[in-house]
Amino acid sequence: MNKQLLIQQPGGRGKSTARPFSGRTVGRAVMWLFLLITAILTLFPLLMTLSGSLKTGAEMMTGGSLLPAKPQFVNYVEAWKQANFARYTWNSAFVSVMATAGTLLVAAMAAYVVDRRHFPGKSLYVTTQASMMFISVGAIVLRPQFDLMVALNLNTTLWGVILILISAHSSTFFMLIGFFKAIPRELDEAAMVDGSGFIRTFFRVILPLLTPGLGVAGLFAFRHAWNEYILPLVFTMTNPQLQTLTVGLANLRYGSSAAMQIHLMMAGACLSILPMLLAYIVANKSFIQVTAGSVKG
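What counts, and where the lines are drawn
- Residues numbered from 1 in each chain as written.
- Predicted model: local features only at pLDDT ≥ 70, side-chain atom pairs only at ≥ 80, totals over all residues.
- Heavy atoms only, no water.
- UniProt positions renumbered as here; feature names shortened; annotations may be inferred.
- Helix = DSSP H or I, 4+ residues; strand = E, 2+ residues; numbered from the N terminus.
- Buried < 20%, exposed > 50% of the residue type's maximum accessible area, 1.4 Å probe, protein only.
- Areas by Shrake-Rupley, 256 points an atom, 1.4 Å probe, with all protein chains shown as cover.
- Phe/Tyr/Trp six-rings, centres within 6.5 Å; stacked < 30°, edge-to-face > 60°.

- Within an unreviewed UniProt entry, the label attached to the protein reads Sugar ABC transporter permease, and the organism entered is Paenibacillus montaniterrae.
- Under the heading Subcellular location (unreviewed entry), UniProt records this for the protein: "Cell membrane".

## Remarks on the overall build of the protein
Then comes step 1: A tally of helices and strands in the protein yields 14 helices and two strands.
Then comes step 2: Burial analysis of the protein (297 residues in total) assigns 32% to the buried set.
Then comes step 3: Approximately 18900 Å² of the protein is accessible, and the part contributed by carbon and sulfur atoms is 68%.

## Here's the deal with the UniProt feature "transmembrane region" (unreviewed entry) in the protein
Then comes step 1: The feature "transmembrane region" (unreviewed entry), as annotated in UniProt, sits at residues 29-50, 93-114, 126-146, 158-180, 201-223 and 264-283 in this numbering.
Then comes step 2: Between the C-alpha atoms that bound residues 93-114 the distance is 31 Å, and the span itself is 100% helix and 0% strand.
Then comes step 3: In this annotation, residues 158-180 is assigned 87% helix and 0% strand; the end-to-end C-alpha distance for the span is 32 Å.

## What about the packing of aromatic side chains?
Then comes step 1: Tallying each qualifying case throughout the model produces twelve aromatic pairs.
Then comes step 2: Ring centres of Tyr125 and Phe173 lie 5.7 Å apart, and the angle between their planes is 90 degrees; on these two criteria the pair is classed as edge-to-face. Separated by 48 residues along the polypeptide, Tyr125 in helix 5 (residues 122-134) and Phe173 in helix 8 (residues 170-181) bring together distant segments of the chain.
Then comes step 3: Residue Tyr125 is classed as partly exposed on the basis of its relative accessible area of 31%.
Then comes step 4: The class of Phe173 is buried, set by a relative accessible area of 0%.
Then comes step 5: Pairing Phe173 with Phe174 gives two aromatic rings, centres 5.0 Å apart and planes at 75 degrees, and the pair type is edge-to-face.
Then comes step 6: Residue classification places Phe174 among the partly exposed positions, given a relative accessible area of 27%.
Then comes step 7: An aromatic cluster of at least three residues, connected via ring pairs, comprises Tyr112, Phe180, Phe198, Phe202 and Phe203.

Structure, rendered in structure tokens:
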């Protein structure tokens, strides 16, 4: 029989202080359980990749234990040499940085005009942007894109890949529109009263205030460009020296003797994650500013 603490009330009645599980407690427990499961599902593939990168080829083929019998750190050295990591990493960094900068500039200018100005065809433009974001055309536009780059003599350079990646800026466009709406229009009016034109107001007044939004949008644009595989594969078939890291890693699957080298692929994948972690560290301050601003609001 459970004992409960009774508080004597006037009139001889006692009131129990024992509290049953409330709905809020159950809700928090369910939330933490959901977050724990999500974290496990997110981290498990990464842990599998890290573990596989330290195994031998035989261990990977036989499917032994989760942990390697003896860590093979030499896999990272072999992956770096065979995948020409220095060259491919530079190519990936060049494509990702230029595509991110171009995407942010084009998307920010487009979002600013759409948010601040009224012009014929505005609704059609926004609808087109939305359709390009939610409708995946995939390989359907790959041949027209390649033909366009051939006409511009950009099919043998990485600039063709960069321009195509910049053109796919719909998600960044809509993300930045939300940040522009949080910037008071009075700032534009005050700048124009002081003699600043529309373009100068954008670059000198509004754009610096958009730094947190640019950091968040830039991280997603950088990740998309860094992980892109099909476009660099198509545009660098005739010029292997221009291959990006994602394409170079795929070449690690088979060695010179046609043997599977999954352990080297995983070692290369772990190395390729490092730039993304660096990009997140750089953009982490922007995430904190956005979160703090939303909480304050």
